[in-house]
Amino acid sequence: MELRIQNLSKRYPNGTQALADVTLTVRPGMFGLLGPNGAGKSTLMRTLATLQEADSGSATLGNIDVLRDKDAVRRVLGYLPQDFGLYPKVSAEDLLEHLATLKGISQAKERKARVSALLNQTNLYAARKKPLGSFSGGMRQRFGIAQALLGNPQLLIVDEPTAGLDPEERVRFHNLLADIGQDVIVILSTHIVADVHELCSQMAVLDKGRVLLAGEPQEAISRL
Ligand code: ADP
Ligand code: ADP
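Rules behind the numbers
Residues numbered from 1 in each chain as written. Chains lettered and ligands numbered in written order. Predicted model: local features only at pLDDT ≥ 70, side-chain atom pairs only at ≥ 80, totals over all residues. Heavy atoms only, no water. Helix = DSSP H or I, 4+ residues; strand = E, 2+ residues; numbered from the N terminus. Rg over C-alpha atoms; globule rule 2.2 N^0.38 Å. Buried < 20%, exposed > 50% of the residue type's maximum accessible area, 1.4 Å probe, protein only. Contact = heavy atoms within 4.5 Å. Areas by Shrake-Rupley, 256 points an atom, 1.4 Å probe, with all protein chains shown as cover. Lys, Arg positive; Asp, Glu negative; His and termini not counted. Charge placed at Lys NZ, Arg CZ, Asp CG, Glu CD. Near = heavy atom within 4 Å. Polar contact = N/O pair within 3.5 Å; in protein donor to acceptor, adjacent residues only side chain to side chain. Nonpolar A, V, L, I, M, F, W, Y, C, P; charged D, E, K, R; others polar. Pairing = 2+ DSSP bridges. Axes fitted to C-alpha atoms, helices over the stretch in contact; angles between N-to-C directions. Parallel < 35°, antiparallel > 145°, perpendicular 65-115°, else oblique. Left-handed = near helix turned anticlockwise from the far one by under 90°.

Student: Break down the overall build of the protein chain for me, with residues and values.
Tutor: When helices and strands are tallied, the protein chain shows eight helices and 10 strands. Against the 2.2 N^0.38 benchmark of 17 Å for 224 residues, the protein chain shows a C-alpha radius of gyration of 17 Å, consistent with a compact globule. Put simply, the protein chain has 224 residues, and 49% of those count as buried. Look at the contacts in the protein chain between residues 6 or more apart in sequence, and 68% of them connect residues 24 or more apart. Split by element, the accessible area of the protein chain, about 11,000 Å² in all, is 48% carbon and sulfur. Counting 26 positive and 24 negative side-chain charges, the protein chain places the averaged centre of each group 5 Å from the other.

Student: Any details on the site of ligand 2? Residues and values, ideally.
Tutor: Around ligand 2 there are 13 residues in total, and Gly38, Gly40, Lys41, Ser42 and Thr43 lie nearest to it. Here a nitrogen atom of ligand 2 sits 3.4 Å away from a polar atom, N or O, in the side chain of tyrosine 12. One of the backbone N or O atoms of glycine 40 is found 3.0 Å from an oxygen atom in ligand 2. Protein contacts shield 64% of the accessible area of ligand 2, which totals 560 Å² for the unbound molecule. Looking at the shell around ligand 2, its residues break down into four nonpolar, seven polar and two charged.

Student: For the site of ligand 1, give the residues involved together with the corresponding values.
Tutor: Around ligand 1, a shell composed of Asn14, Ser42, Arg46 and Gln82 is seen. At 3.0 Å, a side-chain N or O of serine 42 approaches an oxygen atom of ligand 1. Between arginine 46 and ligand 1, the recorded distance is 3.2 Å, taken from a side-chain N or O atom to an oxygen atom. When ligand 1 is considered free in solution it has 540 Å² of accessible area, and contact with the protein chains removes 32% of it. Split into classes, the residues belonging to the shell around ligand 1 amount to no nonpolar, three polar and one charged.

Student: Account for the sheet that holds strand E6 (residues 77-80), naming residues and giving values.
Tutor: Pairing is mixed in the open sheet, where six strands are placed in the order E6-E7-E8-E3-E9-E10. Either end of the sheet is taken by a strand with one partner, and the two such strands are E6 and strand E10 (210-215). The sheet shows a mean angle of 15° between the axes of neighbouring strands, direction not considered. In this structure, strand E9 (residues 202-207) lies alongside E10, joined through five bridges in antiparallel fashion. From the neighbouring strand, methionine 203 faces E10, where its bridge partner is glycine 215.

Student: Outline the sheet that holds strand E4 (residues 56-61), supporting the account with residue identities and numerical values.
Tutor: Pairing is antiparallel across the open sheet formed by four strands, whose spatial order is E2-E1-E4-E5. The strands lining the two open edges of the sheet, one partner per strand, are strand E2 (17-26) and strand E5 (64-65). Summarising the sheet, strand E1 (residues 3-11) and E2 pair through six bridges and their orientation is antiparallel. Looking at the pairing, leucine 3 lines up with valine 26 of E2. Packing of helix H1 (residues 41-48) onto the sheet brings it into contact with E1, E2 and E4, and relative to E1 it is tilted by some 120°.

Student: Mind laying out the packing of helix H3 (residues 92-102) against helix H5 (residues 137-149), listing which residues take part and the relevant values?
Tutor: With their axes 10 Å apart at the nearest point, H3 and H5 run at an angle of 20° to one another. When the interaxial angle is binned, H3 and H5 end up roughly parallel. Seen along the crossing, H3 lies across H5 with a hand that is right-handed. For the pair H3 and H5, the contacting residues are Ala92, Leu95, Leu96 and Leu99 in the first and Phe143, Ala146 and Gln147 in the second. Looking at the contact of H3 with H5 residue by residue, the class counts come to six nonpolar, one polar and no charged.

Student: Mind laying out the pairing of E9, listing which residues take part and the relevant values?
Tutor: In terms of residue burial, E9 counts as a mostly covered element, since five of its six residues are buried. In the sheet, strand E3 (residues 29-34) pairs with E9 via four bridges, with the strands oriented parallel. Considered in E9, the bridge of phenylalanine 31 is made with glutamine 202. Counting the residues between successive antiparallel strands, the hairpin from E9 to E10 contains two residues, one of them, lysine 208, with a positive phi of roughly 50°.

This is the structure:
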């Protein structure tokens, strides 16, 4: 499955051209979306996550028309937004259980197994009974990945996940991302070149809504 974005443009009502003719092909594996603040990264990710509309252009994920068939996208999407909010008094385990119910995993046994597996995968099993409000920044981001993986997504979008993490938590978070199956398309937006260098097999640089360059990190970064 490939994600093909073609000539995607978006101008906000105040005149800001957030995306200008963005064309990109994204294959399974980790795709790094680099760019300074204001480059259009969040706009692109929110558009792909069906949370906002583009003005023109197209995007397809396999057979899915991403801009039109929002329900189909949401069935295969995992999304960790930049401003990921939590219910501070609820435990990690209880919230994942609740989200799993919403996802339609109706059998209690299956739900418990799925939640335990995700808590293990994200190294949060020991903290599963603790209220989310007591979590560190790194734990919060790992929990964000756990919730994003609940539905076994084909497309996982993570927006600036390592901003504000300390070096140890950043490495932990990188290891978690690196463990996600190779058949999933993972789009990681960041302004840190090293994130892309360490993790990604494909990348693009966005600036003022335009794709400055795209390719394999080794080669592309040398052209920056
Ligand atoms: P970042 O630049 O860190 O990615 P965003 O641009 O996503 O942050 O901004 C956070 C929120 O503020 C979003 O909901 C976005 O739509 C809104 N926002 C950002 N810039 C503007 C702006 N110039 N006018 C109105 N809303 C804005
Ligand atoms: P990034 O995620 O790379 O920081 P964004 O997509 O958040 O970039 O923003 C791209 C541009 O669009 C910025 O100039 C930002 O201020 C502007 N912008 C973002 N959201 C809004 C909004 N809701 N209304 C107006 N301008 C916005």
